[in-house]
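A closer look at the structure
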Amino acid sequence: MIDIDQQSMREAVLVAASAQHICRPNPWVGAVLVAADGRRFSGFTQPVGQAHAEVQALRAAGEAARGATMYVTLEPCNHFGRTPPCTEAIITAGVARVVIGVQDPDQRVAGTGINRLRDAGIAVQVGVEAEAVNEQLAAYLHHRRTGRPLVMLKLAMTIDGYIAAKSGASGWITGELARRRVHELRAASDAIVVGAGTVRADDPQLTVRDAPGASPRRIVLGRAPVDARVHPCTEWAGSLTELLDTLGGEHVLQLMVEGGAKVAASFHQAGLIDRYVFHIAPAIMGGGDAVPAFAGDTAATLADVWRGRTISTQQLGDDVEVVIEPQRSPA
């Protein structure tokens, strides 16, 4: 049975979804405030330099915030940045209890927000619906913990594992719903990378057209033809690790890798992919001389096969999306 804390945190997660496309590189946070008389108020993080989710909810509640319980997906900030600390706003408003989804790993916060609230006599509970919040904030949390963007590889393929015909021509392998989903993934990413070979072969735009949100920054590994539709773009000639370090320092939280086979293999073999998104069409290329999802040699034995864990699956029309993450070694 779902209790009031779980229900309210799930509501905060839904509220947070409204912030994802407007507040990056800040975390997309949702807050729900439940007053002593049962009235509910909510808020989500505004664009950079404007109010955070907690302040939005407090403003909506006004005097009803006194003695209330606040549910917030991420630990409230406890430092002066572009805005004052949310902890002080919560304390001043007289909130009695704060329920937090996950602790913020940002070194400027990292538990200090929780401690400040407790020192002020506010009851604090951490970890309610943490799995859902961790998933929603995966890119932000990864960036704060590693200094690099979360790397998501997206590949559309036939059910026998090919991404293009042997001529190199790719075209549309998946259907309309899957293509719309790709635009959603792009809108959730701060940058997108492809190889120069893909640019020459397909001349992609790599923009968001069928989903809400801005188009990501475009990066080409190598040189893009001067008349390619991918311009304006960043042309990168350094190593992939240097690229991730550079983008992380530029506040890129999520990097989407869209191809081709050599680029996918390069990221995969270097162990740089954090999430694999496969769009699998009910189509069979047949034979063995088409373009595989990953270039290079295959595993010599079954013992050498890379194995991950399935995070989610969903049907997109006739196609299927399978999301996989690497298996992590026990801490």
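Structure first, text after, so check above.
Residues numbered from 1 in each chain as written. Predicted model: local features only at pLDDT ≥ 70, side-chain atom pairs only at ≥ 80, totals over all residues. Heavy atoms only, no water.

The terminal C-alpha atoms of helix 1 (residues 4-16) lie 18 Å apart, and with 13 residues this matches the ideal 18 Å at 1.5 Å per residue to within 8%. Of all the residues in helix 1, the buried ones are Asp5, Ser8, Met9, Ala12, Val13, Val15 and Ala16. Buried residues in helix 1, looked at end-on, bunch into an arc of 160°, giving them a common side. Where the residues of helix 1 are buried, they touch strand 1 (30-34), strand 2 (40-44), strand 3 (69-74), strand 4 (97-102), strand 5 (123-126) and helix 5 (130-136). One side-chain oxygen at the N-terminal end of helix 1 lies 3.1 Å from the backbone nitrogen of Asp5; it belongs to Asp3. (Helix = DSSP H or I, 4+ residues; strand = E, 2+ residues; numbered from the N terminus. Expected span 1.5 Å × (residues − 1). Buried < 20%, exposed > 50% of the residue type's maximum accessible area, 1.4 Å probe, protein only. Arc of directions from axis to C-beta. Contact = heavy atoms within 4.5 Å. Polar contact = N/O pair within 3.5 Å; in protein donor to acceptor, adjacent residues only side chain to side chain.)

Attention shifts here to the pattern of salt bridges. Applying the stated rule across the entire model yields 21 salt bridges. Put simply, Glu321 and Arg181 hold a salt bridge, and the shortest N to O gap is 2.8 Å. Of this pair, Glu321 sits in strand 15 (residues 319-326) while Arg181 sits in helix 7 (residues 176-187), and the two are 140 residues apart along the sequence. The exposure class assigned to Glu321 is buried, which follows from its relative accessible area of 1%. A salt bridge links Glu235 to Arg223, with the nearest nitrogen and oxygen atoms 3.2 Å apart. Of the two residues, Glu235 sits in strand 10 (residues 234-236) while Arg223 sits in the loop between strand 9 (217-221) and strand 10, which places them 12 residues apart along the sequence. Using a relative accessible area of 32% as the deciding quantity, one classes Glu235 as partly exposed. Among the charged side chains, a salt-bridge network with shared partners connects Glu135, Arg275, Arg309 and Glu325. (Salt bridge = Lys/Arg side-chain N within 4 Å of Asp/Glu carboxyl O.)

All right, on to the sheet that holds strand 9 then. Strand order across the open sheet formed by 8 strands is 10-9-8-11-6-12-15-14, with mixed pairing between neighbours. In this open sheet, the two strands that pair with only one neighbour each are strand 10 and strand 14 (308-316). Taken pair by pair, the neighbouring strands of this sheet meet at an average axis angle of 25°, ignoring direction. (Pairing = 2+ DSSP bridges. Axes fitted to C-alpha atoms, helices over the stretch in contact; angles between N-to-C directions.)

Attention shifts here to the packing of aromatic side chains. By the definition in use, this model includes 2 aromatic pairs. Taken together, a centroid distance of 6.1 Å and an interplanar angle of 25° make the contact between Tyr276 and Phe278 stacked. Each member of the pair, Tyr276 together with Phe278, is buried. Between Tyr276 and Trp306 the ring centres are 4.9 Å apart and the planes differ by 50°, which places this aromatic pair in the tilted class. (Phe/Tyr/Trp six-rings, centres within 6.5 Å; stacked < 30°, edge-to-face > 60°.)

The next point concerns the environment of Pro282. Positionally, Pro282 belongs in the loop between strand 12 (275-281) and strand 13 (291-292). Contact partners of Pro282, with chain neighbours within four places excluded, come to Asp318 and Asp319.

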